[in-house]
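Results of the structural survey
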Amino acid sequence: MISDIPSYEFDVVVVGGGIAGLCAALAACEQGASVMLAEKSPLAERGGNTRFADAQMRFPHEADEYGVRTYTEEEMIDDMMRISRGRANRELVETLVRNAAETVEWLTELGIEWEPGYPHTAGYRRAPKAGGQGLVDTLFRRFEGRDGVTSYDTAAVELLVDAERRVSGVRCSSPDGLVDLLARGGVVLACGGFQANVQMRVAHLGRFADSLILRGSRYNTGEGIRMALDIGAQPAGQWGDYHSAVIDARSPVVECGVTALYNFQMGIIVDGQGRRFLDEGEDFRDHTYVKFGKAIIEQADGRAYCIFDQQMVQREEFARAWRPVGPAIEAQSIGELASELSIPGDQLEETVQAYNQAVQPGEFDLDRLDGKGTRGLAPPKSNWAMPLTEPPFVAIPVTGGITFTFGGLKVDTTARAIDVAGQPIAGLYAAGEPMGEIFYYNYPGASSVIRGAVYGRIAGRHAAEQAAAG
Ligand SMILES: Cc1cc2nc3c(=O)[nH]c(=O)nc-3n(C[C@H](O)[C@H](O)[C@H](O)COP(=O)(O)OP(=O)(O)OC[C@H]3O[C@@H](n4cnc5c(N)ncnc54)[C@H](O)[C@@H]3O)c2cc1C
């Protein structure tokens, strides 16, 4: 039977226009390939999760005259392996790290301007001056300037496989009906994880996951991963876990953007009973915010409070690390604060008193693990412990949101998708969030956008080379 579905042929077809898809598309254009980018969202909402992010990027860097200390490739590899408890695929991590600085240079050549990343973090990072939205807008402009074509409102629904089991293209649903986008060199799946798909979220993360606040794009509903599994791709990574953050509990429930508190290590976090339940100073906050977001969901019934006194609130970095969704709740005493929060006052007073008494002397320094901790307190606060003594006391209600999912597809270091028998699937690549095996349990801050950039670029280049080789 002759199909009446219209088809168009390109060297490379990229599915999804976030950082990974745009880098794939641009890298393929640089090789002289003809490129089609299929994007599910309308033009006005393009940019995926990337556009909601500050898009901080971690990468190895030499010490410089502005006081930046050296962050070596080995340190970054160690951070990524340690934080995944040794489960990340070392080859994938090494490829990411060894290509990260060069990829940032490449983005600079494409017109991205930078500013320093957040302070008081581990490792080195930079952020695009114009944020994630500016990043994607600049890259879309470059792509269009190189004759790349973007089809908006065009959702990939099914991979097309030829008689040799090679992926020959992708079927998409568009406002004009179904359309087949054929790819001589390959299809790059850069269409996000399944964080915006409540059915997949509950199936893989658990029952609690139906009500999580979605921090980023509503369009990342897992089709890329599902389509690949349907043709025999191998699932990989931690399917039961996800990226979270300590976010303001008053955030909009979908596409709330950057509403995270990045200053929680400056105070204490208590649950709805007024009890501490984690070590707020366990590590740099960009090595703890993801697991703390999940701890609030799992251990504190989804709602907790960050509590500070004026010694911290008056510091310049306090305000820089929080974009308020609503006003902070203030009171002259801990008892009054508890009553404002409708949590048990006796318990909160006891918690603060026990904490204050356990704080040890030492120099408070947010730029390093200062060892200024508590003694004899469970759980401890291991660094940056300052007594809460200066009213008015301030509380911000927090919860854990979902940013992206950790489970995805098995890929090799050239971003080729691997099948269930361990062989590369000709013509199929995955980059960015659909890749598994990079993040487990927790997350080293500022490493997802750079992952998308590095692997998107690798995938686009490889697919274009395949097209050129015929
Ligand atoms: C608020 C927030 C702050 C963040 N801050 C940072 C940070 O500072 N640093 C960092 O490293 N990470 C950060 N992250 C995470 C990071 O932004 C993302 O993980 C990363 O940008 C993902 O890039 P991507 O290209 O893989 O996916 P995305 O940018 O999400 O792009 C995927 C694209 O695929 C499209 N799509 C989905 N399904 C289909 C389909 N079937 N057909 C066609 N198109 C489809 C989507 O519409 C989307 O445009 C943050 C995320 C959020 C939400």
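Residues numbered from 1 in each chain as written. Predicted model: local features only at pLDDT ≥ 70, side-chain atom pairs only at ≥ 80, totals over all residues. Heavy atoms only, no water.

1. Focus on the overall build of the protein chain
In plain terms, the rule: Helix numbers and strand numbers start at the N terminus; a helix is a DSSP run of H or I with at least 4 residues, a strand a run of E with at least 2. Atoms counted for the radius of gyration: C-alpha only. Globule rule: 2.2 Å times residue count to the power 0.38. Relative accessible area decides the class of each residue, using a 1.4 Å probe on protein chains only: under 20% of the type maximum gives buried, over 50% gives exposed, and in between gives partly exposed. Working definition of accessibility: Shrake-Rupley area with a 1.4 Å probe, residue cover restricted to the visible protein chains.
Per the secondary structure count, the protein chain includes twelve helices and 21 strands. Taken against the 2.2 N^0.38 rule, which gives 23 Å for 470 residues, the C-alpha radius of gyration of the protein chain at 23 Å falls within 12% of a compact globule. Across the 470 residues in the protein chain, those meeting the buried criterion constitute 62%. Working note: accessible area of the protein chain is about 18100 Å², and carbon and sulfur atoms make up 47% of it.

2. Details of the sheet that holds strand β3 (residues 57-58)
Cut-off, in case you're wondering: Two strands qualify as a pair provided DSSP detects at least 2 bridges between them.
Spatial strand order, β3-β5-β4: three strands in an open sheet with antiparallel pairing. The open sheet has two edge strands, β3 and β4 (114-116), and neither has a second partner. Where β3 lies against strand β5 (residues 125-128), two bridges are found, and the strand directions are antiparallel. The partner of Arg 58 across the bridge, within β5, is Arg 125.

3. Examining the packing of aromatic side chains
Test applied: Pairing of aromatic side chains here covers Phe, Tyr and the six-membered ring of Trp, requires ring centres within 6.5 Å, and sorts the geometry by plane angle: under 30 degrees stacked, over 60 edge-to-face, intermediate tilted.
Tallied over the entire structure, the rule returns 14 aromatic pairs. Note on Phe 308 and Phe 318: the rings are 4.8 Å apart at their centroids and 85° apart in plane angle, and the pair reads as edge-to-face. Placement of Phe 308 in strand β15 (residues 304-308) and of Phe 318 in helix α9 (residues 316-320) is noted, with a sequence separation of ten residues between them. Residue Phe 308 is classed as buried on the basis of its relative accessible area, which comes to 0%.

4. What about the site of the ligand?
Put simply, the test is: Near, as used in this document, describes a residue that has one of its heavy atoms within 4 Å of the molecule or strand being considered. In the analysis that follows, any N or O atom pair within 3.5 Å is treated as a polar contact, provided that within protein one partner can donate a hydrogen and the other can accept it, and provided that, for residues neighboring in sequence, both atoms belong to side chains. Amino acids outside the nonpolar list (Ala, Val, Leu, Ile, Met, Phe, Trp, Tyr, Cys, Pro) and the charged list (Asp, Glu, Lys, Arg) are all regarded as polar, and Gly is one of them.
Near the ligand lie 39 residues; those nearest to it are Glu 39, Thr 50, Glu 223, Glu 433 and Ser 448. In the model, an oxygen atom of the ligand is placed 2.5 Å from a nitrogen or oxygen of the Glu 39 side chain. One of the side-chain N or O atoms of Glu 433 is found 2.7 Å from an oxygen atom in the ligand. Those elements giving two or more residues to the shell around the ligand turn out to be α1 (19-30), β7 (155-161) and α12 (448-469). Across the shell around the ligand, the residue classes tally to 17 nonpolar, 17 polar and five charged.

5. Quick word on the pattern of salt bridges
Cut-off, in case you're wondering: Between Lys or Arg on one side and Asp or Glu on the other, a salt bridge is scored when a side-chain nitrogen of the former is within 4 Å of a carboxyl oxygen of the latter.
Counted by the stated rule, this structure contains 32 salt bridges. Here Arg 184 and Glu 9 are joined by a salt bridge, their closest N and O atoms 3.1 Å apart. Of this pair, Arg 184 sits in strand β9 (residues 177-189) while Glu 9 is found in strand β1 (residues 7-15), placing the two residues 175 residues apart along the sequence. A residue is classified by how much of its surface remains accessible, and Arg 184, at 38% relative accessible area, is partly exposed. Residue Lys 291 is joined to Glu 282 by a salt bridge in which the shortest nitrogen-to-oxygen separation is 2.6 Å. Sharing partners across several salt bridges, the network here consists of Arg 58, Asp 79, Arg 82, Arg 125, Asp 283 and Asp 286.

6. A short note on the domain arrangement of the protein chain
To keep things clear, this is the line we draw: For the domains described, the bounds stem from an automatic or database domain assignment. Should any heavy atoms of two residues lie within 4.5 Å, those residues are counted as being in contact. By buried area we mean the combined loss of accessible area, with a 1.4 Å probe, across both parts when two parts are placed together.
Once the domains are mapped, the protein chain shows domain 1 (7-241 + 406-469) and domain 2 (246-401). Contact with domain 1, which involves 29 residues of that partner, is made by 31 residues of domain 2. Between domain 1 and domain 2, the buried area comes to about 2500 Å², and carbon and sulfur atoms account for 52% of it. Contact with domain 2 buries area across many residues of domain 1, yet His 120, Ile 213 and Arg 215 alone supply 35% of it, more than any other trio. Applying the counting criterion to the domain 1 and domain 2 interface returns six salt bridges. Residues Lys 294 and Asp 241 are paired through a salt bridge, measuring 2.7 Å at the closest nitrogen-oxygen approach. Where domain 1 packs against domain 2, one counts 18 residue pairs in polar contact (both at pLDDT 80 or more). Elements represented by at least two residues in the side of domain 1 that touches domain 2 include exactly α2 (73-83) and β10 (213-214).

7. Looking at the pairing of strand β21 (residues 424-430)
Among the seven residues of β21, five are classified as buried, and the element is accordingly described as predominantly covered. Where β9 meets β21, three bridges bridge the pair, whose relative direction is parallel. Residue pairing in the sheet places Leu 189 in a bridge with Ala 430 of β21. Here strand β20 (residues 416-418) pairs with β21 via two bridges, running antiparallel. Residue pairing for β21: Ile 418 is matched across the bridge by Pro 424. From the end of β20 to the start of β21, which pair antiparallel, there are five residues, and Gly 422 there has a positive phi angle of about 90°.

8. Focus on the environment of Ala 101
By secondary structure assignment, the location of Ala 101 is in helix α3 (residues 90-109). Distance in space between the C-alpha atoms of Ala 101 and Ala 33 is 25 Å, their sequence separation being 68 residues. Beyond its immediate stretch of four places on either side in the chain, Ala 101 contacts Phe 59 and Pro 60.

9. A short note on unusual backbone geometry
In this model, Ala 378 is joined to Pro 379 through a cis peptide bond whose omega is -10°. Here Pro 379 lies in the loop between α11 (345-358) and β17 (393-402). Cis geometry marks the peptide bond from Pro 391 to Pro 392, where omega comes out at -5°. Tracing the backbone shows Pro 392 in the loop between α11 and β17. Positive phi, close to 70°, is recorded for Glu 437, a residue that is not glycine.

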